[in-house]
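# Per-entry structural report
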Amino acid sequence: MTPWLEPQEGASWPCRVTWRRRARVREGGRDRYQTTRGDAPDGRWLQTGGAHVLSFQDGEAVYAVRIQRDRVLMSRRGEVTLTQDFVAGKAQELVLRAYGRELALRAETHAVEVSVGESGGRARVTFDLIYPGEPQQSVDLVFQWFRRP
């Protein structure tokens, strides 16, 4: 069983958030990988509405990630803006807004794994991302957070 700390309404702590997004694209019979990493040492971990919420920013965007036992909702705001709701087995149509343009895409979530304890947690989602006219991407996205004093 995966550890789950029941949220305490209104509890909030400073935290460090790290994330990794690894995408696999199959082109011409070969796999190509692209990995993006981020680190936000000045994040915030809030517990509210029966969920754990992370708020953080990097040099490109501001993020809010709402984490429940079986769902992760990620919102990214900046030059590239996207909101994505990860629920295992769920497919959704999305709009990516980037540099004054809009791009329709489709996402199909395969799995959501969440583990939360007293000092932090980890949320991992695997999903396929389909851009029009592009090969499908298989994505493994992981958020980790660590409570700071």
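Below you will find a few notes about this structure. (Residues numbered from 1 in each chain as written. Predicted model: local features only at pLDDT ≥ 70, side-chain atom pairs only at ≥ 80, totals over all residues. Heavy atoms only, no water.)

### So, the pattern of salt bridges
This model, assessed by the stated rule, comprises 15 salt bridges. Here Arg-71 and Asp-85 are joined by a salt bridge, their closest N and O atoms 2.7 Å apart. Of this pair, Arg-71 sits in strand E5 (residues 71-78) while Asp-85 is found in strand E6 (residues 80-87), placing the two residues 14 residues apart along the sequence. In this structure, Arg-97 and Glu-102 form a salt bridge, with 3.1 Å as the shortest nitrogen-oxygen distance. (Salt bridge = Lys/Arg side-chain N within 4 Å of Asp/Glu carboxyl O. Helix = DSSP H or I, 4+ residues; strand = E, 2+ residues; numbered from the N terminus.)

### Focus: the pairing of strand E10 (residues 137-147)
The buried fraction of E10 is high, at eight of eleven residues. Relative to E10, strand E1 (residues 12-27) runs antiparallel, the two being bridged by eleven bridges. Bridging across to E10, Thr-18 finds its partner in Gln-144. With ten bridges connecting them, strand E9 (residues 120-130) and E10 associate as antiparallel partners. (Buried < 20%, exposed > 50% of the residue type's maximum accessible area, 1.4 Å probe, protein only. Pairing = 2+ DSSP bridges.)

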